[in-house]
Amino acid sequence: MIVLKAKNIGFCFGVKRAINMVLKEAGDSRQKVYTMGPIIHNPQMVNILKEKGITPVDDVLGINDGVVVFRTHGIKKDEEESIKRKGLRSIDTTCPFVKRVRKHALYLKNNGYKVVIIGDKNHPEVKSVLSYLDNDGIVLQEPLAIEAKKIGVVSQTTLDKGTFVNIVRELARNAHELRIFNTICESTEVRQKEAVDLAGKVDMMLVVGGKNSANTSKLCKVVQTVQPRVYQIETADEINPEWFRGLQNVGITAGASTPDLIIDSVERRVKNF
Ligand code: SF4
């Protein structure tokens, strides 16, 4: 069986940067290191970091010393304020592309636009951006008409282009003025495009990444448009040999927060069939 692996695979720029920053801090610092929520959406990597003393927490209520890390997807405005109020030292690993979403959203709000964030209202990145707008914004995951004269649009960085275009098209029906910032990050776009190309050449796709990872789920969604045989797995242990019966070739891609060691172990396992 031939195994084809996507070229753009494993940690993206933002995840690499965040992991390097937090590991450096844990190595240099004599203080405990806490991350506000999981630093990235990959449970296996978060466990590796825990073994190095880097602990995810939901809030800073019980923390009186140590270093608090703002995670890759960004934290909420009130969380940042409470960290400052407590006088805790912090490092900010928020991906610059996520900060770009926040910057454009604030610009739109300050210029009188009704801000629409296209994305998942339960995702930490969207919650973070909305909080810096003082919750004065609308989150859309599906096309919906909005009654506002001036509408300003940003998107979650890991959104797929198709969803973005469909929702913008619907907004354009009613708006007198529509200002759009396409804030889907380039790494997401490249990875999704490559995954679709690869999926068209193989009998089955494996998408490796955290079940809680938005960009991994989106990869599955776009791959399904050309290849219905797709399995999302977190580790090689989830692979079922039955999936491969009678297949000639298999493609592997992975989310932006999937460590190379997991991708390599998946590839090794598949090559053994
Ligand atoms: S997927 Fe894009 S926005 Fe998200 S962390 Fe990676 S580089 Fe940053």
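Residues numbered from 1 in each chain as written. Predicted model: local features only at pLDDT ≥ 70, side-chain atom pairs only at ≥ 80, totals over all residues. Heavy atoms only, no water.

Draft legend 1. Representation of the overall build of the protein chain. Counting its secondary structure elements, the protein chain contains 9 helices and 12 strands. Relative to the 2.2 N^0.38 estimate, which gives 19 Å for 273 residues, the radius of gyration of the protein chain is 20 Å and therefore close to what a compact globule would have. With the principal axes as the frame, the protein chain shows a C-alpha extent of 60 × 55 × 25 Å. Counting over 273 residues, the protein chain shows a buried share of 53%. Partitioning the contacts of the protein chain with sequence separation of at least 6, the portion at a separation of at least 24 is 72%. Surface summary for the protein chain: the accessible area is close to 13,100 Å², and the carbon and sulfur share equals 48%. With 41 positive and 32 negative side-chain charges, the protein chain shows a spacing of 3 Å between the two charge centroids. (Helix = DSSP H or I, 4+ residues; strand = E, 2+ residues; numbered from the N terminus. Rg over C-alpha atoms; globule rule 2.2 N^0.38 Å. Buried < 20%, exposed > 50% of the residue type's maximum accessible area, 1.4 Å probe, protein only. Contact = heavy atoms within 4.5 Å. Areas by Shrake-Rupley, 256 points an atom, 1.4 Å probe, with all protein chains shown as cover. Lys, Arg positive; Asp, Glu negative; His and termini not counted. Charge placed at Lys NZ, Arg CZ, Asp CG, Glu CD.)

Draft legend 2. Here's a closer look at the site of the ligand. Taken together, Cys12, Gly14, Thr72, Cys95, Phe97, Thr157, Cys185 and Thr188 make up the full set of residues adjacent to the ligand. Here the shell around the ligand is built from residues that sort into 4 nonpolar, 4 polar and no charged. (Near = heavy atom within 4 Å. Nonpolar A, V, L, I, M, F, W, Y, C, P; charged D, E, K, R; others polar.)

Draft legend 3. Seen up close, the side chain of Thr158. Along the chain, Thr158 falls in the loop between β8 (150–155) and α6 (161–174). Judged by relative accessible area, Thr158 falls into the buried class, the value being 11%. Thr158 has contacts with Thr188, Gln192, Ala214, Asn215 and Lys218, leaving out every residue within four places of it along the chain.

Draft legend 4. The packing of helix α7 (residues 186–199) against helix α8 (residues 214–224), seen in detail. Two numbers describe how α7 lies on α8: the axes approach to 9 Å, and their chain directions differ by 40 degrees. Judged on the interaxial angle alone, α8 and α7 are oblique. Between α7 and α8 the crossing geometry is right-handed. Note on element contacts: α8 touches α7 through Lys218, Leu219, Val222 and Val223, opposite Arg191, Gln192, Ala195, Val196 and Ala199. Of the residues contributing to the contact of α7 with α8, the split by class is 6 nonpolar, 1 polar and 2 charged. (Axes fitted to C-alpha atoms, helices over the stretch in contact; angles between N-to-C directions. Parallel < 35°, antiparallel > 145°, perpendicular 65-115°, else oblique. Left-handed = near helix turned anticlockwise from the far one by under 90°.)

Draft legend 5. Quick look at the packing of aromatic side chains. Going through the model one piece at a time under the given rule, you end up with 4 aromatic pairs. Ring centres 5.8 Å apart and planes at 65 degrees place the aromatic pair Phe13 and Phe97 in the edge-to-face group. With Phe13 in helix α1 (residues 13–28) and Phe97 in helix α4 (residues 96–110), this residue pair connects regions lying 84 residues apart in the sequence. For Phe13, a relative accessible area of 46% translates into the label partly exposed. Exposure remark for Phe97: the relative accessible area of 31% places this residue in the partly exposed category. Between the aromatic rings of Trp243 and Phe244, the centroid separation amounts to 6.5 Å while the plane-to-plane angle is 40 degrees, which identifies the pairing as tilted. Cluster of aromatic residues (ring-pair linked, three or more members): Tyr231, Trp243 and Phe244. A cation over an aromatic ring shows up here: Arg102 above the ring of Tyr132, its NZ or CZ 3.9 Å from the ring centre. (Phe/Tyr/Trp six-rings, centres within 6.5 Å; stacked < 30°, edge-to-face > 60°. Lys NZ or Arg CZ within 6 Å of the ring centre and 35° of its normal.)

Draft legend 6. Layout of the domain arrangement of the protein chain. Per the domain assignment, the segments making up the protein chain are domain 1 (2–10 + 187–271), domain 2 (13–94) and domain 3 (97–184). Taking the mean C-alpha position of each, domain 1 and domain 3 sit 29 Å from one another. The interface of domain 1 with domain 3 comprises 8 residues on the first partner and 10 residues on the second. Taken over both partners, the interface formed by domain 1 and domain 3 buries close to 690 Å², and the fraction arising from carbon and sulfur atoms is 51%. (Domains from an automatic or database assignment. Buried area = accessible area lost by both parts, 1.4 Å probe.)

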